[in-house]
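# Understanding the architecture of this molecule
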Amino acid sequence: MIRSVVRGVGAETPRRIMNNDDFVGLVDTSDEWITQRTGIRQRHIASDDETTASLGEAAARKALAASGLTPADIDLIVLATSTPNNTFPATAVEIQQRLGMHHGFAFDLQAVCSGFLYALTTADLYIRGGSAKRVLVIGAETFSRILDWTDRTTCVLFGDGAGALVLEAQVGEGSVADQGILTTSLRSDGAHKEKLYVDGGPSTSGTVGKLRMEGREVFKHAVGMITDVVEAALGDAGVTADDLDWFVPHQANKRIIDASARKLGIAEEKVVVTVDRHGNTSAASVPLALAAAVADGRIKRGDLVLLEAMGGGFTWGAALVRW
Ligand code: UT7
């Protein structure tokens with residue numbers, strides 16, 4: 001059986017860091033409110049010369065280096081983003097060009113904060129279907145460009161960044177001991193589209209628009225949706241929360257992460273948390289957290305790693321990966 005095995009991971013964050021205190025004076029808020037309600041202490045914000053494409057390219061290059069591969073070895077790029085450089089062409093194609101690739105194919109995929117889980121699932125299907133051997137899966141965002149910087153209920157929550165991993169087709173035995181993606185589970189429900197959206201677009205306003213969110217409403221649904229999709233993924237693979245080595249959740253709010261882990265019965269020391277330093281980076285959040293936990297030696301070869309995300313749409317998803 002063909003498995004999609006993670007060869008390497010990479011991350012990039014913009015140079016500029018904005019602390020909670022930097023918002024005081026911009027909007028009516030405080031470090032205390034942001035820290036207590038979200039767990040966020042700082043986030044990276046892109047400068048004019050930093051874009052979704054440049055951050056995505058940098059993360060991709062690091063993932064390739066960690067894999068011992070070059071762009072010539074890649075046959076597909078899937079970029080998860082809701083903040084593309086342009087309405088079209090796909091930012092994935094721009095990253096392809098930046099990497100000097102003239103072969104293979106590249107496309108963007110948009111599922112907001114769940115984008116990386118959707119991209120991972122898509123890449124896994126191309127690999128297991130035999131249409132691709134090595135895939136760059138990237139989550140890259142510049143949410144700072146779609147924030148309303150006068151709205152304290154949203155502007156303090158998000159940050160910019162990119163994470164990438166290289167998946168490679170390898171033969172496994174079809175058991176849960178195999179290395180690679182063991183199972184994925186995706187969901188969406190457009191009934192909730194008004195709770196988290198951008199109030200512009202090419203086909204409506206003709207503008208880019210700004211992010212709008214009913215935070216409390218999103219919060220109310222988040223834990224239930226996350227635990228449902230995680231339980232589906234665990235059940236599918238025939239494992240339990242006790243079998244997990246690491247839980248790498250979407251990094252939107254520390255309270256959502258804690259409540260989800262508690263409900264799933266995952267011990268606190270197995271949870272990777274980076275929301276304190278990155279804020280919510282949407283599709284980049286899971287690969288940024290993965291890259292951090294691989295870089296500091298927590299996630300090692302053979303570990304069983306659970307990924308999940310939930311966001312606008314609503315969309316939500318989970319993946320179980322043997323590292
Ligand atoms: O990644 C996609 C998914 N997105 C999420 O997962 C976000 C989910 N939602 C959340 O994380 C939380 O709901 C928030 C962090 C957005 C808000 O936390 P909350 O505990 O749900 O607060 P709230 O919305 O109920 O607001 C409580 C109070 C309100 O004041 P009143 O109405 O009680 O007087 C807000 O106006 O806090 C006020 N508030 C703020 N105060 C200081 C809202 N934003 C701020 C702020 N600084 N930045």
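This one's a predicted model, so the numbers in the text were calculated from it and none came from an experiment.

Let us look at helix α3 (residues 91-98). Every buried residue of α3 is listed here: T91, A92, I95 and Q96. Axial view of α3: buried residues confined to an arc of 155 degrees, hence all on one face. Each element contacted by the buried residues of α3 is listed here: α2 (52-67), β4 (76-80), β5 (105-109) and β6 (134-142). Following α3 by one or two positions, G100 adopts a phi angle in the positive range, close to 75 degrees.

For the rest of this paragraph, the subject is the packing of aromatic side chains. On inspection of all chains with the given rule, the structure shows five aromatic pairs. A centroid spacing of 5.9 Å and a plane angle of 10 degrees characterise the contact between F23 and W149, whose relative ring orientation is stacked. Separated by 126 residues along the polypeptide, F23 in the loop between β2 (16-19) and α1 (31-38) and W149 in the loop between β6 and α5 (152-155) bring together distant segments of the chain. On the basis of relative accessible area, F23 is assigned to the buried category, the value being 0%.

As a further point, take the packing of helix α6 (residues 215-237) against helix α7 (residues 254-264). Packing of α6 against α7 brings their axes to within 10 Å, and their N-to-C directions diverge by 40 degrees. When the axes of α6 and α7 are compared, the pair comes out oblique. Crossing geometry of α6 relative to α7 is assigned as right-handed. Each of F219, A222, V223, G224, I226, T227, V230 and E231 in α6 lies in contact with α7, whose residues at this interface are R255, I256, A259, S260, K263 and L264. Partitioning the contact of α6 with α7 into residue classes produces eight nonpolar, three polar and three charged.

With that settled, the discussion passes to the site of the ligand. The immediate surroundings of the ligand are formed by 24 residues, with T29, R216, H250, N253 and N280 found nearest. One of the side-chain N or O atoms of H250 is found 2.8 Å from an oxygen atom in the ligand. N280 is positioned such that a nitrogen or oxygen atom in its side chain is 2.7 Å from an oxygen atom of the ligand. Counting only elements with at least two residues in the shell around the ligand, the list comes to α1, α5, α6, α7 and β12 (304-311). Tallying contributions element by element places α6 first for the shell around the ligand, with four residues. The class makeup of the residues in the shell around the ligand is eleven nonpolar, eight polar and five charged. Three or more residues apiece are contributed to the shell around the ligand by two domains, here domain 1 (2-171) and domain 2 (180-322).

Procedures and definitions
- Within any chain, residue numbers begin from 1 and follow the written order of that chain's sequence.
- With the structure being a predicted model, the display of local features is reserved for residues of pLDDT at least 70 and the display and counting of side-chain atom pairs for 80 or more, all residues being used for whole-chain, interface and lining totals.
- Side-chain metrics rest on all non-hydrogen atoms present in the structure, leaving aside hydrogens and water.
- Summary of the burial criterion: residues with accessible area below 20% of their type's maximum are buried, those above 50% are exposed, and those between are partly exposed, where the area comes from a 1.4 Å probe applied to protein chains only.
- Runs of E in the DSSP output that reach at least two residues are strands. Runs of H or I that reach at least four are helices, and both are numbered from the N terminus.
- Here the arc refers to the directions that run from the helix axis out to each C-beta atom.
- By definition, residues are in contact when any of their heavy atoms lie within 4.5 Å.
- Each Phe, Tyr or Trp ring, with Trp reduced to its six-membered ring, pairs with another whose centre is within 6.5 Å; inter-plane angles below 30 degrees give stacked pairs, above 60 give edge-to-face pairs, and intermediate values give tilted ones.
- Note on geometry: axes are lines fitted to C-alpha atoms, helical ones only across the stretch in contact, with angles between N-to-C directions running from 0 to 180 degrees.
- For this classification, under 35 degrees means roughly parallel, over 145 means roughly antiparallel, 65 to 115 means roughly perpendicular, and everything else is oblique.
- By convention the crossing between two helices is left-handed if the near helix lies anticlockwise of the far one by an angle smaller than a right angle, and right-handed if it lies clockwise.
- Under the grouping applied here, Gly and all other residues not named as nonpolar or charged are polar, the nonpolar ones being Ala, Val, Leu, Ile, Met, Phe, Trp, Tyr, Cys and Pro and the charged ones Asp, Glu, Lys and Arg.
- Proximity is defined per residue: if any heavy atom of the residue lies within 4 Å of a molecule or strand, that residue is considered near it.
- Here a polar contact means two N or O atoms within 3.5 Å. Within protein one must be a hydrogen donor candidate and the other an acceptor candidate, and residues neighboring in sequence count only if both atoms are side-chain atoms.
- Delimitation of the domains relies on an automatic or database domain assignment.

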